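Residues per chain, in single letters:
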Amino acid sequence: MSIQEEDNSPCAQSTVLQEDEFIDLPLSQDEDEDSQEPTHNEEELQQDNEPESDTNDVPPDSPTTLSTASQPQSAPAVASNTTTYDPEVYTSTTQLAFKDKKSLKIEIIDAGKSREGHSRGYIVYTIKCNDSLVRRRYSEFESLRNTLVKLFPTLIIPPIPEKHKISKYAAAPTKAKEDTRIIDHRRRMLSVFLKRLLEIDQVRESQVYQSFLDPNANWPEVLTSPPISDIPKNILQADPLDPAHSTAAHSYLPLPSSTVIVVKETQEDKKFNEVEANAKEYEAVISNGIDKANKRIVKHLSDMSTEFSEAGAGFNSFSLQENGKLASTLEKVGQVHDNCYLSTETLVNSLNYEFTEPLGESVQFASVVKDIIKFRQQKALQLDITARTLKHKSNHLNLLQKSEQESKRIDQALDAESGKTQQINFDRKQAAKDAQAKANQDAGLNQSVTPLEPKKSSKFKIPGISKISNVIKEAIESDPEVTRQHNLTKTKDDINQLKQTVTAAEEDLGKVTKSIKNELERFQISKEEDLKKMILAYSACVLDWSKKNLEFWEEAKADLQKA
């Protein structure tokens, strides 16, 4: 029976196993209908006179349910020993262990198929975090990374292995060996991903990362609970260092187009643009140069190992046709070719593990660096757009104030004239209306209304209803004086809101610039160390392979000379 994978998983086909050979893996906690949650802490339980051992050392015998859907609404939380998921009070032995980074050991020890809940089955990765085991699917790793990118938009979140197209497996469903290699590759790189996250203090101390490695956590519920549920839909309208606790001013930040470029380039912009250019150049050099050449070398070595194997089989067969010393000599040559085949296979695998995979990861890192620099560019554009809008509104307010003064002067003149001629004030209203129209034309008045309260997105909108509302409002408010006062009040409110938005944009840009600078410095040190390790590993692999082959042939030469 062939292994199948879910749609969002990398492998549609994996290793071919017989039904009796397969050992089904238990489901991860997020796919169990009755997911579980840790009990209350020891102090709360003692208040109910219920003896309990230290929950930090010994897990509870009967963990409580995370979801309240199956619990009676009238049952008290303490009396029933159940509680809903609350990240503020949520504690577990896994979270307590994360206080000491050096004591944590994370490794993905297995990748296998599970069929529970799905007829086709899916690949589950078993993570060992110290003494606890938790099983996660690829889609859950992907959601973890996407969530961390939203929570920490200024950090370089490590990449995960890319998805593989299902059509690739549909074209060659019988290549079980290749499928096994792909699963092993993904297992290794996902393990590297978790270890790299462990080195980032903000991520390691976050409740999201700790819950991902906690076997008692319900991952889908974590994704729909604070702080994740408190993050705005667009991360550009959130506090860059604490997206879950953004201010009302952030909701008014504009969303610049991704194609817009800042006209005025500051010194800081130039530095970050240079970093972005270097990342693009690094990505191009690695992808189009070293990576391609390395893949050709590995393929050539793989073909060579096959040729060594065939040559060894040929010499061994030839030795069977001869007698005496010649047969022994031919057999010895065949053994040398067999040994070369084994050493070359080892070299190919070592190069893949020690050089090819880290090299591909470094290319992905270059894309991540470009993403956070683009995020800073977007924040700089927000500040530029908001500052320009504030300047335009301030100029417009000055024109409105001048228009108001001119209107008062006309009213005074008309009042004086009407006192002499005893005429109706119809001409005065018309004159005031004409003056207001001229002032509005000079100011280029924008009639869009911006509320002062925190902006709320409406889920149901009728196209064109705002225009109809404006027409009705203009018809009702036909008095020019009322219109002038309304425009003045609205413009002042807009300016007040824009000032707060500009302040928030300035603070955000400062935070983003400082955070990304520190992150780039940290990443540069890490990248240099990784490159050194890759080059040293590459050299060691080739050198070890060369020495072994030389020893094989020198030994064979000595035996031949004796013969």
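Residues numbered from 1 in each chain as written. Predicted model: local features only at pLDDT ≥ 70, side-chain atom pairs only at ≥ 80, totals over all residues. Heavy atoms only, no water.

Help me understand the sheet that holds strand β5 (residues 106-114), please; the structure alone is not making it clear to me.
Within a sheet, each strand pairs with its neighbour through backbone hydrogen bonds, oriented either parallel or antiparallel. Taken together, the three strands give an open sheet; going across it, the order is β5-β6-β7, and neighbouring strands pair in antiparallel fashion. Bordering the open sheet on either side are β5 and β7 (132-136), each of which pairs with just one other strand. Adjacent strand axes in the sheet meet at a mean angle of 25 degrees when their direction is disregarded. Sheet topology places strand β6 (residues 122-129) next to β7; five bridges connect them, and they run antiparallel. Within β7, the position partnered with Thr126 by the bridge is Arg135. (Pairing = 2+ DSSP bridges. Helix = DSSP H or I, 4+ residues; strand = E, 2+ residues; numbered from the N terminus. Axes fitted to C-alpha atoms, helices over the stretch in contact; angles between N-to-C directions.)

Is there a simple way to think about unusual backbone geometry in this case?
Excluding glycine, residues mostly carry a negative phi; peptide bonds, for their part, are mostly trans. A cis amide bond links Pro226 to the next residue, Pro227, at an omega of 5 degrees. As for its placement among the helices and strands, Pro227 is situated in the loop between α8 (219-223) and α9 (267-320). In this structure, Asn130 takes a positive phi of about 55 degrees despite not being glycine. Mapping Asn130 onto the fold places it in the loop between β6 and β7.

How should I be thinking about the nonpolar core in this particular structure?
Across soluble globular proteins, nonpolar side chains have a tendency to be buried as a group. Ranked by size, the top nonpolar core spans 35 residues in total, and within it Ile127, Phe141, Leu144, Leu194, Val203, Tyr209 and Leu213 carry the most contacts. Elements with a minimum of two residues in this core: β5, β6, α3 (138-151), α5 (176-198), α7 (207-212) and α8. At six residues, α5 tops the list of elements feeding residues into this core. Dropping the residues within four chain positions of it, Tyr209 is found in contact with Phe98, Ile106, Leu194, Leu197, Leu198, Val203 and Arg204. Counting 14 residues, the second largest nonpolar core, distinct from the first, contains Ile156, Val368, Ile372 and Phe523. (Core = buried A, V, L, I, M, F, W, Y, C linked by side-chain atoms within 4.5 Å. Buried < 20%, exposed > 50% of the residue type's maximum accessible area, 1.4 Å probe, protein only. Contact = heavy atoms within 4.5 Å.)

Even after reading the chapter, I still don't get the pattern of salt bridges, so can you show me in this structure?
Opposite charge on two side chains permits pairing when their charged atoms draw close. Counting across every chain of the model gives 21 salt bridges. In this structure, the salt-bridge partner of Asp201 is Arg204, at a minimum N-O distance of 2.9 Å. Within this pair, Asp201 and its partner Arg204 are both found in helix α6 (residues 201-204), separated by three residues, close to a single helical turn. As a salt-bridge pair, Asp494 and Lys393 come within 3.4 Å of each other at their nearest N and O atoms. Here Asp494, found in helix α13 (residues 480-562), pairs with Lys393, found in helix α10 (residues 324-421); they are 101 residues apart in sequence, far enough to count as distant. Residues Asp494 and Lys393 agree in their burial class; the two are buried. Taken together, the salt bridges that share partners define one network made up of Arg196, Glu361 and Asp530. (Salt bridge = Lys/Arg side-chain N within 4 Å of Asp/Glu carboxyl O.)

Geometric values such as these leave the question of function open.
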